[in-house]
Amino acid sequence: ENLEDARKVLANIAKFHPSQPQLNSACWYLMGDIHDRLENQKGAFDAYLKANEWAGRVAAERGLEPQDFIKRLAGLQSA
């Protein structure tokens, strides 16, 4: 219910787990949602950008190539 307190807690968590990209990604996506609910569009946008950067690291660790994924999605749409 208290979005501002949640934002402060998540801001500290993300700083303490740089070696855990999946956790950071989830925290930043949640931070984006909180900023969105607080009607802070710039904060939401910035948080989602960071979330996507961390998600990219997760994908890279798993050997996934973003372009391959996009090609697969395009193939599914045309089928």
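Definitions and limits used
Residues numbered from 1 in each chain as written. Predicted model: local features only at pLDDT ≥ 70, side-chain atom pairs only at ≥ 80, totals over all residues. Heavy atoms only, no water. pLDDT = per-residue confidence, 0-100. Helix = DSSP H or I, 4+ residues; strand = E, 2+ residues; numbered from the N terminus. Salt bridge = Lys/Arg side-chain N within 4 Å of Asp/Glu carboxyl O. Buried < 20%, exposed > 50% of the residue type's maximum accessible area, 1.4 Å probe, protein only.

Here we take up the confidence of the model for the protein. Taken residue by residue, the protein gives an average pLDDT of 84. The fraction at 70 or more is 91%. Averaged over each element, pLDDT in the protein is lowest for helix 4 (residues 66-78) (76) and highest for helix 2 (residues 21-37) (91).

Here we take up the pattern of salt bridges. Applying the stated rule across the entire model yields two salt bridges. Salt-bridge contacts for Arg7 lead to Glu4; the nearest nitrogen and oxygen are separated by 2.5 Å. Pair noted here: Arg7 and Glu4 are both in helix 1 (residues 3-16), with a separation of three residues, about one helical turn. The residue Asp46 makes a salt bridge to Lys42 at a minimum N-O spacing of 2.8 Å. Linking Asp46 with Lys42, this pair stays in helix 3 (residues 41-61), spanning four residues, or about one helical turn. Assessed through its relative accessible area of 59%, Lys42 is described here as exposed.

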